[in-house]
Every structure is written in structure tokens, then in C-alpha cells.
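Structure at a glance
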Amino acid sequence: MEFIGLFFPAIVSVLIKNRRNTEADWRMPRVLFGYGIYVLINVFLTGCIITYGMGVSGVTSDALASFPFFIKYTVIALVMAVIVPYVEAIIGKYIKLTLTVRTYDEKSEDHMEDHQ
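Since we're looking at a predicted model, the values are computed, not measured.

What follows covers the overall build of the protein chain. Each helix and strand in the protein chain was counted, giving 4 helices and 0 strands. The buried share of the protein chain, reckoned over its 116 residues, is 22%. Sequence separation of at least 24 residues holds for 75% of the intrachain contacts in the protein chain that already meet a minimum separation of 6. For the protein chain, the accessible surface area stands at approximately 8900 Å², while carbon and sulfur atoms represent 66% of it.

What follows deals with the nonpolar core. Counting 7 residues, the largest nonpolar core consists of Ile50, Leu64, Phe69, Phe70, Tyr73, Ile76 and Ala77. Tallying contributions element by element places helix H3 (residues 67–94) first for this core, with 5 residues. Ignoring anything within four residues of it in the chain, the contact list for alanine 77 reads Gly5, Pro9 and Thr46. By size, the runner-up hydrophobic cluster in this structure holds 6 residues, among which are Val14, Val31, Val39 and Val84.

This next bit is on the environment of valine 31. Among the structural elements, valine 31 can be located in helix H2 (residues 28–53). Between the alpha carbons of valine 31 and asparagine 18 there is a distance of 9.4 Å; along the sequence they are 13 residues apart. Apart from residues no more than four positions distant in its own chain, valine 31 is found in contact with Val14, Asp25 and Trp26.

Right, let's get into the packing of aromatic side chains. To describe a pair of aromatic rings, one takes the distance between the centres and the angle between the planes. Counting across every chain of the model gives 2 aromatic pairs. Ring geometry for phenylalanine 67 versus phenylalanine 70: centroids 6.3 Å apart, planes at 35°, classification tilted. Taken together, the residues span about one helical turn, with phenylalanine 67 and phenylalanine 70 both in helix H3 at a distance of 3 residues. Judged by centre distance (6.3 Å) and plane angle (35°), the ring pair of phenylalanine 69 and tyrosine 73 falls under tilted.

Moving on to the side chain of serine 13. Tracing the chain through its elements places serine 13 in helix H1 (residues 2–20). Engagement of the side chain of serine 13 in a polar contact is seen with the side chain of asparagine 42, the distance being 3.4 Å. Not counting the four nearest positions on each side in its chain, serine 13 is found in contact with Tyr38, Asn42, Ala81 and Pro85.

Quick look at the packing of H1 against H3 now. Relative orientation and spacing of two packed helices are given, respectively, by the angle between their axes and the distance between those axes. Between H1 and H3, the least distance of the axes is 9 Å, while the angle of their chain directions is 25°. Judged by the inter-axis angle, H1 sits roughly parallel to H3. In this structure, H1 crosses over H3, and the sense of that crossing is right-handed. Residues Ile4, Gly5, Leu6, Phe8, Pro9, Val12, Ser13, Ile16, Lys17 and Arg20 of H1 lie in contact with H3, whose contacting residues are Phe70, Tyr73, Thr74, Ala77, Leu78, Ala81, Val82, Pro85, Tyr86, Glu88 and Ala89.

Rules of the game
- Residues numbered from 1 in each chain as written.
- Predicted model: local features only at pLDDT ≥ 70, side-chain atom pairs only at ≥ 80, totals over all residues.
- Heavy atoms only, no water.
- Helix = DSSP H or I, 4+ residues; strand = E, 2+ residues; numbered from the N terminus.
- Buried < 20%, exposed > 50% of the residue type's maximum accessible area, 1.4 Å probe, protein only.
- Contact = heavy atoms within 4.5 Å.
- Areas by Shrake-Rupley, 256 points an atom, 1.4 Å probe, with all protein chains shown as cover.
- Core = buried A, V, L, I, M, F, W, Y, C linked by side-chain atoms within 4.5 Å.
- Phe/Tyr/Trp six-rings, centres within 6.5 Å; stacked < 30°, edge-to-face > 60°.
- Polar contact = N/O pair within 3.5 Å; in protein donor to acceptor, adjacent residues only side chain to side chain.
- Axes fitted to C-alpha atoms, helices over the stretch in contact; angles between N-to-C directions.
- Parallel < 35°, antiparallel > 145°, perpendicular 65-115°, else oblique.
- Left-handed = near helix turned anticlockwise from the far one by under 90°.

Right under this line is the structure:
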């Protein structure tokens, strides 16, 4: 039950993200990397909701062995798994980050051409 509770909701996130994109990218390294990120985000958010929202402290992975807690955890994790790809899309739409990487030689040549 621990494996299902911790790793299954991230599959839902990956499927939602790839269904929303018109050009779904199913290449294995990219999918596994995205899946790993979704696992971390979903487990973190679910843990925060259980700890701070429900007021249950000291929860360990052994708690997933009890069926009532497993059901609560899995439902919360599935809700987070559905919400996270949409929040990611909204953030990606309004926040852009562009990096330009050049070598030092190219940079110095550009400066020399500007001064001539």
C-alpha cells in the first residue's frame, strides 16, 4: 500500500500533463524525469496538507499500512495530482525564464566588434 500511495498519484499528473499538450512527449528520459518531479511535489504537498491542514503530526510511511489513513492519504494525493499540472500550466503561461549561455571567447569577440 505504501508504494501505491506514494507513487501512483504522480502517474495521474503525468497523464494529465501529456493529455493537455497537443504535442505529447513520451520519450522515456523526459517522462521519467517529469514523473520524479511530480512524485516529489505530490508527496510534499500531501504531507503538508496532512500535517498542517489536518493537524496530524509525526506521520511516517508506516502510517500508510493502516487502511483508513491510506484511503485519506491517497484521496488527498490524487486531488493534488490533478491540481498540480494545471497550476504548472498557469505558472508556465505567465512566468518565462530565458537563459543565454555563451563561451567567454564569443563574449570577448562581440565586445571587440562593438568597439570597432
